[in-house]
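Topology and contacts: notes
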Amino acid sequence: MKPKTALHKKVVKLSATLRPITATQKQWAYSQCFEHIAYRGKNGSMVCSECAHEWSAEGKRGNKCRCPKCGAKLTVSHSLKRKSTQTAHFAVVTTRDNFQVIRVIYVKWCSRKGEKAEYIVNEALQRWFDAEGNEVNIARKKCFMPRYCDAWNFDSDMEIRSRTANYDNIPIYATYPKCRVLPIIRRNGFNGFHYTDPYDLLKGLMSDNKVETLVKTRQYGLLSYYLYRSQYRRDSWQLIRICLRHNYKVKDVTTWYDHINTLERLGMDIHNPLYLCPKNLRSEHNRLVELLKRREEKVRIERERNAEIERQIRQRKDDEAKKTYPQRMSRYLDLVFSDGLIEVSVLQTAEDFYNEGEIMHHCVYTNGYYAENNSLVMSAHIGDKRLETIEIDLKRLIISQSHGAYNQDTKYHNRIVSLVQRNIHKIARRANQKSENADVISA
Ligand SMILES: [Zn+2]
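Residues numbered from 1 in each chain as written. Predicted model: local features only at pLDDT ≥ 70, side-chain atom pairs only at ≥ 80, totals over all residues. Heavy atoms only, no water.

Right, let's talk about the packing of helix H4 (residues 198–207) against helix H5 (residues 209–216) for a bit. For any two helices packed against each other, one specifies the crossing angle of their axes together with the interaxial distance. Put simply, H4 and H5 touch, their axes get as near as 6 Å, and they point 105° apart. One finds that H4 runs roughly perpendicular with respect to H5. For the pair formed by H4 and H5, the contact residues are Leu-201, Gly-204, Leu-205 and Ser-207 on the first element and Asn-209, Val-211, Glu-212 and Val-215 on the second. Across the contact of H4 with H5, the residue classes break down as 4 nonpolar, 3 polar and 1 charged. (Axes fitted to C-alpha atoms, helices over the stretch in contact; angles between N-to-C directions. Helix = DSSP H or I, 4+ residues; strand = E, 2+ residues; numbered from the N terminus. Parallel < 35°, antiparallel > 145°, perpendicular 65-115°, else oblique. Contact = heavy atoms within 4.5 Å. Nonpolar A, V, L, I, M, F, W, Y, C, P; charged D, E, K, R; others polar.)

What follows is the structure, given as structure tokens:
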């Protein structure tokens, strides 16, 4: 994008005064950003990825070593791979005029066993911002895969790029420690980067007094949590202020947040500094986790016990319903309707329900129809061949359903329905009979 506004023109002019990345800065980045390798051979030989020096390490174990020639710290690679590449971004922080500048540099490390490692260094992005809230990005073009943070097109020029391009997701592996920051940032407490992204930190120190407070109170763990963690609690700041008031430094932030969650689950007051700021966080946290486990185990056992009791009650009721079925339905049991071919009769016992359900592949038994006082279940058959199972609603004296095997209707369906329909007055008469067992039935 051509610089159009006065701001753009000014930044482009200032950018031209930035010096290229120095050899010292590059060397520093090489040592910081990559895991250098000692290629281990089958015969116990080692080859340094940095200077290609080869030496014998026969009998030596361990995954780390130092090259006896160039002194590089190396990680031993046991794989047979002979080639390796890594990429990273590092940042150089400086100022121009009243602008804070973050320069983001892409480095690629290419190593081939037996050759000195090669490095490719390219500046990819400069973020310019000032205390007035002006912000300008000078950058290379991103490739067609903008989601991949290292997909830069290094054939493109460093020029002003739209602020909508996403430069926030570029992970900065390390920030060169010698840096220049604006007076306002220094005044607000800047004293190093503490493993944060320099853009987020410096921008925060310019405009967010919470960042300033965390830096000034040296709560660096909380600082990076504050800047990045999406699971950051809503009431965090309130809790952090309690810590600050009591001079409590949170070193292990993850455990501290776990600890708060545990306190909450135990129903303890998280705003009580006695709980929130334990002297020995780890051991207190472990103690509470054990307590919580025991409590939850107790609840689980109790819940299982209750479920078992409920199951037994249900079972007892079900057994009772099976046992009392012939008695409860005694007034209907002898009902048989016939049209000369099809016969419809009442199921006599709970066992009949079982057989009907098994043979007809439906739920008349499993859903416990024998326990229903307001349903009469009949079976239609020709000789021994079962056709359909009929449920009659005794309250409304209508057929609720009539189905054959697998709940399908048979070709006799209409005939069966009309046969029952014609005889339903007989059921009605029985239903209205004052039975001696009536009280037992409804109970
Ligand atoms: Zn070496």
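Here the narrative resumes, following the displayed structure.
Let us look at the sheet that holds strand E9 (residues 135–139). Strand pairing within a sheet occurs via backbone hydrogen bonds; the two strands may be parallel or antiparallel. Ordered by their spatial adjacency, 6 strands build an open sheet running E12-E9-E8-E7-E6-E13, and the pairing between neighbours is mixed. Edge strands, defined here as strands with exactly one partner in the open sheet, are strand E12 (159–161) and strand E13 (174–175). Relative to strand E6 (residues 83–96), helix H2 (residues 23–33) is tilted by about 130°, and along the sheet it contacts E6, strand E7 (99–112), strand E8 (118–129) and E13. (Pairing = 2+ DSSP bridges.)

Our focus in this paragraph is the coordination of the zinc ion. In the first shell of the zinc ion, the protein supplies Cys-48 (SG), Cys-51 (SG), Cys-67 (SG) and Cys-70 (SG), at 2.2 to 2.4 Å from the metal. Around the zinc ion sit 4 donor atoms, and with donor-metal-donor angles ranging over 106 to 117° the site reads as tetrahedral. Of note, the donors binding the zinc ion are all from one chain and are spaced C-x2-C-x15-C-x2-C. With Cys-48 in strand E2 (residues 45–48) and Cys-70 in the loop between strand E4 (64–66) and strand E5 (73–77), this pair connects stretches of sequence that are 22 residues apart. Here Cys-70 falls in the partly exposed class, since its relative accessible area comes to 40%. (Donors = N, O, S within 2.8 Å, 3.2 Å for Na, K, Ca; no water. Tetrahedral: all angles 85-135°; square planar, octahedral: opposite > 155°, others 65-115°. Buried < 20%, exposed > 50% of the residue type's maximum accessible area, 1.4 Å probe, protein only.)

Residues Ile-37 and Tyr-39 of strand E1 (residues 37–40) are buried on one face, and the alternating residues Ala-38 and Arg-40, pointing to the opposite face, are buried as well. When E1 meets E5, the two strands line up parallel, connected through 3 bridges. Bridge pairing in E5 places Ile-37 opposite Thr-75. Relative to E2, E1 is paired through 3 bridges, and the arrangement is antiparallel. For Arg-40, the partnering residue across the bridge sits in E2 and is Met-46.

So, on to helix H7 (residues 236–245). In terms of burial, H7 is a largely internal element, 7 of the 10 residues being buried. Among the residues of H7, Ser-236, Trp-237, Leu-239, Ile-240, Ile-242, Cys-243 and Leu-244 are the ones counted as buried. Here the buried face of H7 lies against H5, helix H6 (220–228), helix H8 (253–265) and helix H9 (273–276). Looking one or two residues past H7, Asn-247 carries a phi angle of roughly 55°, positive in sign.

This paragraph deals with the domain arrangement of the protein. Each assigned domain of the protein is listed with its residue range as follows: domain 1 (6–180), domain 2 (229–324) and domain 3 (329–442). The gap between the C-alpha centroids of domain 1 and domain 3 is 83 Å. (Domains from an automatic or database assignment.)

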